[in-house]
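# An overview of the molecular structure
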Amino acid sequence: METQNIKMKIRSERYDVEGSVFANFLNDEGDDILECGTSDVEMELEDEIIELCTEGVMNTDGKKVELVYEESEITGMAGSRTSVSFENDTPGFVTMLREGSVSTALLFERGKRHHCVYNTPIMPFEICVRTIKVENNILSDGTLNLDYIIEIRGAKAERTKFELQIVE
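These remarks concern the structure in this document.

How each quantity is defined
Residues numbered from 1 in each chain as written. Predicted model: local features only at pLDDT ≥ 70, side-chain atom pairs only at ≥ 80, totals over all residues. Heavy atoms only, no water. Pairing = 2+ DSSP bridges. Helix = DSSP H or I, 4+ residues; strand = E, 2+ residues; numbered from the N terminus. Axes fitted to C-alpha atoms, helices over the stretch in contact; angles between N-to-C directions. Buried < 20%, exposed > 50% of the residue type's maximum accessible area, 1.4 Å probe, protein only. Phe/Tyr/Trp six-rings, centres within 6.5 Å; stacked < 30°, edge-to-face > 60°.

Moving on: the pairing of strand S1 (residues 2–17). For S1 and strand S2 (residues 47–60), the ladder comprises 14 bridges, and the chain directions are antiparallel. From the neighbouring strand, glutamine 4 faces S2, where its bridge partner is methionine 58. Here S1 runs beside strand S10 (residues 157–167); their pairing, made up of eleven bridges, is antiparallel. Considered in S10, the bridge of lysine 9 is made with glutamine 165.

Okay, here's the thing in structure tokens:
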């Protein structure tokens with residue numbers, strides 16, 4: 001395993017959206033599709049933008065890439081460590097693990113919906129993640145872009161555009 005110290009710029013934009021990603025939306029072929037929150041028109045105007053620069057490590061072994069960094073007060077998850085990883089042969093399937101004051105395992109795969117658990121100091125919450133887009137260019141130009149909708153059961157869904165860039 002090769003470990004390299006890196007600097008990352010992370011930008012996250014979050015918007016409230018209408019609809020629920022817990023519900024099944026099927027097209028004529030029976031494939032799961034998303035009917036809510038997939039266009040900028042459907043996003044509400046108020047958004048939350050978080051930007052931070054942080055240091056971390058990139059672990060590679062020829063088969064898997066893992067980026068690890070510590071969360072901060074800016075993200076509201078101080079005391080947590082985040083790991084973003086993917087297999088070299090499936091860069092469109094990205095896993096984000098958070099451990100610490102909050103913990104979860106989020107799975108991102110374009111057009112797919114994944115149920116996860118979000119553990120907080122108060123209690124665990126069931127969440128659903130619906131991925132709209134994965135642009136994983138970590139190995140070529142050091143960038144990862146995720147566009148997804150996340151919903152805690154019973155709360156309003158949020159669309160998030162997450163950008164991670166490895167900087168010199």
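That was the structure; now back to the text.
Our focus in this paragraph is the sheet that holds strand S4 (residues 80–87). One closed barrel accounts for ten strands, arranged S1-S2-S3-S4-S5-S6-S7-S8-S9-S10; its pairing is antiparallel. Going across the sheet, the axis of each strand differs from the next one's by a mean of 25°, ignoring polarity. Bridge count for S4 against strand S5 (residues 90–100) is seven bridges, and the pairing is antiparallel. Among the inter-strand pairings, valine 84 is bridged to a residue of S5, identified as methionine 96.

Here strand S6 (residues 103–109) shows a buried face lined by Thr104, Leu106 and Phe108 and an unburied face lined by Ser103, Ala105, Leu107 and Glu109. Where S5 meets S6, six bridges bridge the pair, whose relative direction is antiparallel. Within S6, the residue paired with valine 94 across the bridge is phenylalanine 108. The loop that links S5 with its antiparallel partner S6 comprises two residues. By the bridge criterion, two bridges tie S6 to strand S7 (residues 113–119) in an arrangement that is antiparallel. The partner of threonine 104 across the bridge, within S7, is tyrosine 118. Connecting S6 to the antiparallel partner S7 that follows it, the hairpin turn spans three residues, and glycine 111 within it adopts a positive phi of roughly 75°.

This part is about the packing of aromatic side chains. Tallying each qualifying case throughout the model produces one aromatic pair. Centroid distance phenylalanine 108 to tyrosine 148: 4.6 Å. Interplanar angle 55°. Geometry classified as tilted. With phenylalanine 108 in strand S6 and tyrosine 148 in strand S9 (residues 143–152), the pair connects residues that are 40 residues apart, well separated along the chain. Both residues of the pair, phenylalanine 108 and tyrosine 148, count as buried.

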